[in-house]
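Report on the structure
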Amino acid sequence: MKVSVLQENLQKALAAATRAVDSRPTLPVLANVLIATEDSRLRISATNLEMSITTWIGAKINEPGSITLPAKTFSELVNNLSPERVDMVLDVATQTVNVRCGATNSNIKGIDASEFPLVPSGGEPDFSVPARVLKEMVKHTEFAAAKDDNRPILTGIYTSIENTLLTMAAADGYRLAVRTTQLESGIAPKKELVIPSKAFSEVARLITDEDDQVMVTLPGERDLVMFQTRNSEISTQLLEGRFPNFRDIIPRGYSTITTIETQDLLRAAKRAEIFARDEANSAILMINPPDAPGESGEMQIIGRSKERGDLDGILHPTIEGQSIEITFNVRYLIDVLNVIQEDMVQIESNGAQNPGVVRPQGRDDFVHVIMPMKPPTR
């Protein structure tokens, strides 16, 4: 193998692919990235046997070939090379790659490419999703997925495609995020998958401004789903088990609807969190409609700490319905407000004992449900 690539392109490709490398791989070769020539491009792949990431970059191929190199060592070297052409030459006898860039000359020992696991590739896609839409859908759901493995199924994002309706949902037992979109073309019959949220995060990370569509290949003989962008592919195993029936959790009606500027509420929630941290992030929302038509209502966000004090923030949103006092994990409220781009947001509630709903004003395709908490001790 004898190839030349630009340092900037190689750096970006390694940054993307090496996210599939485990910090403690089960096999020595899994700590490596596969470097292989394909036509006039260089292919860079990594896998942890559950998720695989492949990226391609343009290259000048003088001699074809392939090798695996230690991901950490190779990435660190490339990150610190000067921004110019990188020349790589493989010595097959010693499985060593000579890397030259400007005045830098380095030799990296690798492992034969034949020892690298087979990375899924290609295949006819089953449907496509606009790249911008899929990236936003991941952003609207991934934060609500469980972070621990106590219930493995909740570490994934439920994904269903029924005709042209794509639904993604994530829940950790205390909150639920659901996002839907209509596709130009879909599939039948209905397909339901639970895809690891980490894999979905990597899909979103791989999407660039150059990508119009993300092609999705559904599982065939193997329990794998594959996403393809213009210059990257990511495949991941599905999570086994049945995702909870989240649709029953979403309230059907509300006694109080509060409409408020997103950034005003976000800032108030962050201030309350400073004190609420000591009480499991529990913050009280006291919502009171106006006394007379045409007047503003009042929302108080209260964070208390026995050790450090308290904060009582007052806002003046538009409120319809009854007065309520409800306690939320304020961190959950902050998380969803951080991903809402719209200027206005709605909080819908049926009282202190019922889940609250947060959604961007005027949108029915994104809903976030937060379970209530017991109020902090006074």
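So, a few notes on the structure that sits alongside this text. Within each chain, residues carry numbers counting from 1 in the order of the written sequence. It should be noted that, the model being predicted, local features are given only for residues of pLDDT at least 70 and side-chain atom pairs only at 80 or more, the latter also being counted only at that level, while totals for whole chains, interfaces and linings use all residues. To obtain the side-chain values, all non-hydrogen atoms of the structure were included, while hydrogens and water were left out.

**A closer look at the pairing of strand 3 (residues 41-47)**
The cut-off we apply is this: Burial here depends on accessible area, computed with a 1.4 Å probe over protein chains only, as a share of the maximum for the residue type. Under 20% is buried, over 50% is exposed, and the range in between is partly exposed. The helix count covers DSSP runs of H or I at least four residues long, the strand count covers runs of E at least two residues long, and both are numbered beginning at the N terminus. A strand pair is defined by DSSP finding two or more bridges across the two strands.
With six of seven residues buried, strand 3 is to be regarded as a mostly interior element. Here strand 2 (residues 32-38) runs beside strand 3; their pairing, made up of five bridges, is antiparallel. If you follow L34 over to strand 3, its bridge partner there is S45. Taken together, strand 2 and the strand that follows it, strand 3, pair antiparallel across an intervening segment of two residues, in which D39 is found at a positive phi of about 55 degrees. Pairing geometry for strand 3 and strand 4 (residues 51-58), over seven bridges, is antiparallel. Bridging from a neighbouring strand, L42 pairs with I57 of strand 4.

**Description of the packing of aromatic side chains**
For clarity, the cut-off: Stacked, edge-to-face and tilted labels apply to pairs of Phe, Tyr and Trp rings (six-membered ring for Trp) whose centres lie within 6.5 Å, assigned for plane angles under 30 degrees, over 60, and everything in between, in that order.
Overall, the coordinates contain four aromatic pairs when judged by the stated rule. Among the aromatic residues, those joined into a ring-pair cluster are Y158, F243 and F246.

**Regarding the pattern of salt bridges**
Quick reminder of the rule: We define a salt bridge as a contact between a side-chain nitrogen of Lys or Arg and a carboxyl oxygen of Asp or Glu at a distance within 4 Å.
Under the definition given, this model contains 19 salt bridges. The partner of R179 in a salt bridge is E136, with the nearest N and O atoms 2.8 Å apart. Here R179, found in strand 12 (residues 175-196), pairs with E136, found in helix 3 (residues 131-141); they are 43 residues apart in sequence, far enough to count as distant. Between E202 and R205 there is a salt bridge, with the nearest N and O atoms lying 3.3 Å from each other. Here E202 and its partner R205 are both found in helix 4 (residues 197-206), three residues apart, which amounts to about one turn of the helix.

**Concerning helix 6 (residues 330-339)**
The cut-off we apply is this: Polar contacts, as used here, are pairs of N or O atoms within 3.5 Å; protein pairs need one atom able to donate a hydrogen and one able to accept it. Residues neighboring in sequence count only if both atoms are side-chain atoms.
For helix 6, the buried fraction is high: eight of the ten residues fall into the buried class. Of the residues flanking the start of helix 6, the one acting as N-cap is N329, its side-chain oxygen 2.9 Å from the backbone nitrogen of R331.

**Focus on the nonpolar core**
As a rule of thumb, nonpolar side chains are buried together in soluble globular proteins. Counted only if it meets this: Nonpolar cores are built from buried Ala, Val, Leu, Ile, Met, Phe, Trp, Tyr and Cys residues. Side-chain atoms within 4.5 Å join them into one set. The contact criterion used is simple: two residues touch if any of their non-hydrogen atoms lie within 4.5 Å.
Ranked by internal contacts, the top residues of the largest apolar core, which has 98 residues, are L10, F74, M88 and F227. Apart from residues no more than four positions distant in its own chain, F227 is found in contact with L134, I195, F200, V203, V214, M215, V216, S232, E233 and I234. With 15 residues, the next largest nonpolar core counts I153, A169, V194 and V357 among its residues.

**Notes on the sheet that holds strand 9 (residues 104-109)**
Filter applied, for reference: Under this scheme, a helix contributes an axis fitted over its contacting stretch, all axes are lines through C-alpha atoms, and angles between N-to-C directions fall in the 0 to 180 degree range.
Across the sheet, which stays open at both edges, the five strands sit in the order 5-1-7-8-9 with antiparallel pairing between neighbours. Each edge of the open sheet carries a strand with a single partner, namely strand 5 (60-63) and strand 9. Each strand axis lies, on average, 20 degrees off the axis of its neighbour in the sheet, ignoring direction. Both strand 1 (residues 2-6) and strand 7 (residues 85-91) contribute to a ladder of five bridges, which runs antiparallel. The residue bridging V5 from the neighbouring strand is V86, located in strand 7. Where helix 1 (residues 7-17) meets the sheet, its contacts fall on strand 1 and strand 7, and the angle it forms with strand 1 comes to roughly 90 degrees.

**Observations regarding the sheet that holds strand 10 (residues 127-130)**
On the basis of which strands lie adjacent, the open sheet formed by eight strands has the order 6-2-3-4-15-14-13-10 and antiparallel pairing. Only two strands of the sheet have a single partner each, and these edge strands are strand 6 (66-70) and strand 10. Averaged over all pairs of adjacent strands, the angle between strand axes in this sheet comes to 20 degrees, irrespective of strand direction. Relative to strand 14 (residues 224-228), strand 13 (residues 213-217) runs antiparallel, the two being bridged by three bridges.

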